[in-house]
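Breakdown of the fold
What follows is the residue order along each chain.
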Amino acid sequence: MQHAINLLKDNNASLQKRIINIKLSQRTSHSNRISFLKSYHKGHKLKVQLNKANTIYRQFINLFTSRFNLFYTNVANLMNLDLQLQRSELINKEKDKLSSTNKIHNFTTTSLPPETISLLNKGTNFIPTTSTSSTSSLTRTILSEVNTTLCSIIHKKNYQPQLKPSTSRRTSHRFKPYSTHSRPLTLLKQEQTRPNFNLHLIDYVQNTVSYSKEILQSFNLRSIVNCNLHNITPQTTSHITNLQKDNDIILTMTDKNMGWALVPISWFSTEYNRHFSDITTYKRIDNFDISYTVTNSNRLLNKLKQRFSTIISNRNNQHLLDSIPQDQLHLPYMKLLPKVHKLDRPASHNNITELTGRPIITAHSWTTSNPSRLLGTELDNIILQLKDFFKERDIIFPLIYNSTDLLNLLDKQYITDMDDLCFTTFDFTSLYTNITYHDTIHAIITSCKLLNLPIFYRDYLLNLNNFINQRNFFAAGNSTYQQIKGVAMGSYHSRQIADLVLLLSEFSFFNKTNCLANILIFCRYIDDGFMLTNKADLSNIITNLCSSYPSQIPITFTSNHNTTHYLDLILSFNHFTIMNHKVHYQVYQKPHHKYMYPHFSSNHPQHIFTGIIKTETIRYSRLSATPDDYNFIHKLFSLRLIALDYPDKLISEHSFPWLTLTAHRRRLKDKQTDKQKPTVYYKTLYNKDKRTDKIVTNILRKYHTPNIPNLTKTYCNSTKLHTLLLTNKILHQKLVIHQNSSTDLI
């Protein structure tokens, strides 16, 4: 048995050796065969050659593409470098300009004292401290603001009327240091009877009132108020008073807020004569009876209110058709703002004949003011409905309300070949006075027809429009005139009428033109329009557009293939477009701009200065495409504020950083969401050392900055320098004196 086992082991060992030898021989044979095939097989050699050629071709394409892209990158870098050099030169020029700033355009032979020139260079909004204040006056001011804030909180949380939306985004905030004293405790007692009243407000309001009385004690205010701090000398005050009383010269604000203009009274008389010589626009009214006009207007307003009671009965603005006593009304004045930015030469008495004035009519307290507000609100609603009407028909809605709307349109465009595109801006000359009554009536009727609005509502709008046009009176000197052509200047509905007339013309243009594919962007802000189009069809687009607008309105078109400025933006095709395929944008500022920010020594509350810094830098951040654009405009802004004695620390602490357009959209969306969140008031215990609310603290911070105690204002006066020097009443009193000593106005 053992012998058989050993024999089998020997046989297995021999077989194992034979298997190993066979494997070695087969491996050698296969290796030789593979080597033979690699060396002599024609298909394999061809495949290797093709793979090698493809590899070389791919390497060549990658190298060519990188070199091709490097060319555009180098071009963009060179363009950016050139732009940075230009900006460095502009900063140096701005420094030189600020070192010798003169904001007075003198068109007379009168020379002003250096102290007066220094004061006027502090800006038109400068508030002089002409008298000594006391802690009691500041106490009344702050307490009034605290009470007003508390009353607004009580009203806001317990009474929220449904207001109608408006397309207008303009707001008016005016600082009133001596506003009417509200009584929050009295209002609180009245509001407690309302259902669902927030009982925690009782403790909140009472604690704040108690804290206010304690913190506003005279011994507390003396530590932060310098009652003897003045920002104007008695000699300068005397000279400003003499300028105000001088009947031969006028010191007034200029158009576009380009500084001051010192002109003789004869210039105003001549310029008024030039405007009133257009008898198709202005009609002189002899023996104007203001009592009869007001009585007749009130009677007609009552008729309109009764006739259209079904339309206005459920509206919050029905009081706008109420009668107003004559003693509460003031006939509007026409004032003229000198257009110094239109001059090619510096101001002097030799080129005063080249100076023209922009007519401004202020109809804020006339019998047509409230009906104008009402008509403007109704037309705003029609424009909102027309916006939906345009979108339903896939037609471009051209109206924009600010630069942010334009940036949103630009951001949607992906620029592949900027050589094929062209910027075009267009401007309507004297838009308001060139819109006829027929255009206004036709726009109202057509818009009501397009939106299927009732005929009764259409008649309501037409009657309001007719009431305003027939009572469009104003005074100039000792004469009374009526504007008989165009939209009433100075009225609240003028913008809406102009937008509606032009909007319907643009609707006609989009319906009849066959070039819509070549219009990338079409937008308009009141009388300024912008287009981004292909070069090929530009002339055809302009021709069709001109034929669509009313023929009596002159239109000026300006086209440029590289850059243009529109609103407060500079739009360009440059290095930014090459790298990002987007239109480059940055802040535009007019060459003659005087930047009339209030001087830091002005008698403004502290929050005005910090608010200017924050709001301007937010605007600069939003309107700057790159951080370099923001840094450049912020540098210029800082230089201008430093020249007005703003501290560097104040500028740096309150400057808003640069953000992308997407980040600004998100920020705006979050801000709108926060406004909709309700405020929660918790029941608290009064503790003078640990306050749970910050109303008084925040209000005090506006009037006093602990970091700059020596610059605390006294707030004894809130009259701005331009109002102190000239009002409409003073101007026209001087005109009357001049007329009596010379020829009358036309």
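Residues numbered from 1 in each chain as written. Predicted model: local features only at pLDDT ≥ 70, side-chain atom pairs only at ≥ 80, totals over all residues. Heavy atoms only, no water.

**Overview of the overall build of the chain**
Heads up, the rule is: Note on conventions: DSSP H or I runs of at least 4 residues are helices, E runs of at least 2 residues are strands, and numbering of each starts at the N terminus. Two residues qualify as a contact provided that any one of their heavy atoms is within 4.5 Å of a heavy atom in the partner residue.
Helix and strand counts for the chain stand at 26 helices and 15 strands. Here the contacts in the chain between residues at least 6 apart in sequence split such that 80% fall between residues at least 24 apart.

**As for the pairing of strand 9 (residues 479-483)**
Where a strand is regular, its side chains alternate between the two sheet faces. To be explicit about the condition: Here's how the labels work: a residue is buried when its accessible area is under 20% of the maximum for its type, exposed when over 50%, partly exposed in between, all with a 1.4 Å probe on protein chains only. Only strands that DSSP links by at least two bridges are regarded as paired with each other.
Most of strand 9 sits inside the fold, with 5 of its 5 residues counted as buried. Here strand 9 shows a buried face lined by Ser479, Tyr481 and Gln483 and a second buried face lined by Thr480 and Gln482. Here strand 4 (residues 282-285) runs beside strand 9; their pairing, made up of 4 bridges, is antiparallel. Its bridge partner lying in strand 9, Lys283 is registered against Gln482.

**Some thoughts on the environment of Leu724**
Position of Leu724 among the secondary structure elements: in helix 25 (residues 721-725). On the accessibility criterion, Leu724 (29% relative accessible area) is partly exposed. Note: C-alpha distance between Leu724 and Thr124 (600 residues apart in sequence) is 9.9 Å.

**Let's talk about the nonpolar core**
Note the following rule: Residues enter a nonpolar core if they are buried and are Ala, Val, Leu, Ile, Met, Phe, Trp, Tyr or Cys, with the set joined through side-chain atoms within 4.5 Å.
Judged by nonpolar contacts, the single largest core of 58 residues is most densely connected at Ile382, Leu431, Tyr460, Leu461, Leu500 and Phe522. The element contributing the most residues to this core is helix 17 (residues 494-512), with 10 residues. When near neighbours in sequence (up to four residues on either side) are disregarded, Phe522 contacts Ile396, Pro398, Phe426, Glu506, Phe509, Phe510, Phe530, Met531, Leu545 and Tyr549. Among the nonpolar cores identified, the runner-up in size contains 41 residues, and Cys523, Leu569, Tyr597 and Leu636 belong to it.

**A closer look at the side chain of Thr368**
Structurally, Thr368 can be placed in the loop between strand 6 (357-361) and helix 12 (369-392). On the basis of relative accessible area, Thr368 is assigned to the buried category, the value being 4%. For Thr368, the contacting residues outside a window of four places in its chain are Phe467, Ile468 and Arg471.

**With respect to the sheet that holds strand 11 (residues 528-534)**
What counts here: Angles shown run from 0 to 180 degrees and are taken between the N-to-C directions of axes, each axis being a line fitted to C-alpha atoms and, for helices, limited to the stretch in contact.
Taken together, 4 strands build an open sheet; the order of strands is 10-11-7-12 and the sheet is antiparallel. The open sheet has two edge strands with one neighbour each: strand 10 (519-525) and strand 12 (555-560). Sheet twist, expressed as the average angle between the axes of neighbouring strands with direction ignored, equals 15°. Pairing between strand 10 and strand 11: 6 bridges, direction antiparallel. Residue pairing for strand 11: Ile519 is matched across the bridge by Thr533. On the sheet, helix 17 packs against strand 7 (421-428) and strand 10 and is oriented at approximately 165° with respect to strand 10.

**A look at helix 21 (residues 627-643)**
Stated precisely, the cut-off is as follows: Expected span of a helix: the number of residues minus one, times 1.5 Å.
Taking 1.5 Å of rise per residue, the 17 residues of helix 21 would be expected to cover 24 Å, and the 24 Å separating its terminal C-alpha atoms lies within 8% of that figure. Taken together, the buried positions of helix 21 are occupied by Asp629, Tyr630, Phe632, Ile633, His634, Leu636, Phe637, Ser638, Leu639, Arg640 and Leu641. Of the residues one or two after helix 21, Asp645 is the one with positive phi, at around 70°.

**Remarks on the sheet that holds strand 15 (residues 584-587)**
A sheet is described by the order of its strands in space; here 3 strands give the open sequence 13-14-15, paired in antiparallel fashion. Of all the strands in the sheet, just strand 13 (563-566) and strand 15 have a single pairing partner and so form its edges. Within this sheet the neighbouring strands show an average axis-to-axis angle of 25°, counted without direction. Pairing analysis gives 4 bridges linking strand 13 to strand 14 (residues 569-572), with the strands arranged antiparallel. Of the residues in strand 14, the one forming a bridge with Thr564 is Leu571. Here helix 13 (residues 403-411) sits on the sheet in contact with strand 13, strand 14 and strand 15, set at roughly 15° to strand 14.

**Observations regarding the pattern of salt bridges**
Put simply, the rule is: Each salt bridge in this description consists of a side-chain nitrogen of Lys or Arg and a carboxyl oxygen of Asp or Glu lying within 4 Å of one another.
This model, assessed by the stated rule, comprises 17 salt bridges. In this structure, Glu392 engages Arg393 in a salt bridge whose closest nitrogen and oxygen atoms are separated by 3.5 Å. Given a relative accessible area of 43%, Arg393 falls into the partly exposed group. Linking Arg665 and Asp411 is a salt bridge whose minimum nitrogen-to-oxygen distance equals 3.1 Å. With Arg665 in helix 23 (residues 661-676) and Asp411 in helix 13, this pair connects stretches of sequence that are 254 residues apart. One network of salt bridges, with partners in common, ties together Asp380, Arg495, Asp499, Glu506 and Arg524.

**Brief notes about the pairing of strand 10**
A large share of strand 10 lies buried, amounting to 5 of its 7 residues. Hairpin remark: strand 10 followed by strand 11, antiparallel, with 2 residues in the connecting loop; positive phi at Ile526, about 55°.

**Comments concerning the confidence of the model for the chain**
Under the convention used in this document: One number per residue, pLDDT, summarises how confident the predictor is, and it ranges from 0 to 100.
Here the chain shows a mean pLDDT of 81. Residues at 70 or above account for 80%. Low pLDDT (under 50) marks residues 159-181, which in the prediction has 36 contacts with non-local residues, meaning those over four places away or in another chain. Across residues 705-712, confidence stays below pLDDT 50; counting only partners more than four residues off in sequence or on other chains, it has 13 contacts.

**Things to note about unusual backbone geometry**
A positive phi is found at Ile526, a non-glycine position, where the angle reads about 55°. Mapped onto the fold, Ile526 is located in the loop between strand 10 and strand 11.

**Some words on the packing of helix 20 (residues 606-622) against helix 21**
Each pair of packed helices can be summarised by the angle the axes make with each other and by the distance between the axes. Our working definition: Roughly parallel here means an angle under 35 degrees, roughly antiparallel means over 145, roughly perpendicular means 65 to 115, and every remaining angle is called oblique. Handedness of a helix crossing follows the sense of rotation of the near helix relative to the far helix, less than a right angle counterclockwise being left-handed and clockwise being right-handed. Three classes are used: nonpolar for Ala, Val, Leu, Ile, Met, Phe, Trp, Tyr, Cys and Pro, charged for Asp, Glu, Lys and Arg, and polar for all others, with Gly counted as polar.
Remark: helix 20 packs on helix 21, axes separated minimally by 10 Å, with the N-to-C direction vectors making an angle of 155°. On the basis of their axis angle, the class for helix 20 and helix 21 is roughly antiparallel. Crossing hand, helix 20 versus helix 21: right-handed. Mapping the contact onto sequence places Ile612, Ile613, Glu616, Thr617, Tyr620 and Ser621 in helix 20 and Tyr630, Ile633, His634, Phe637 and Leu641 in helix 21. Residues that form the contact of helix 20 with helix 21 fall into these classes: 7 nonpolar, 3 polar and 1 charged.

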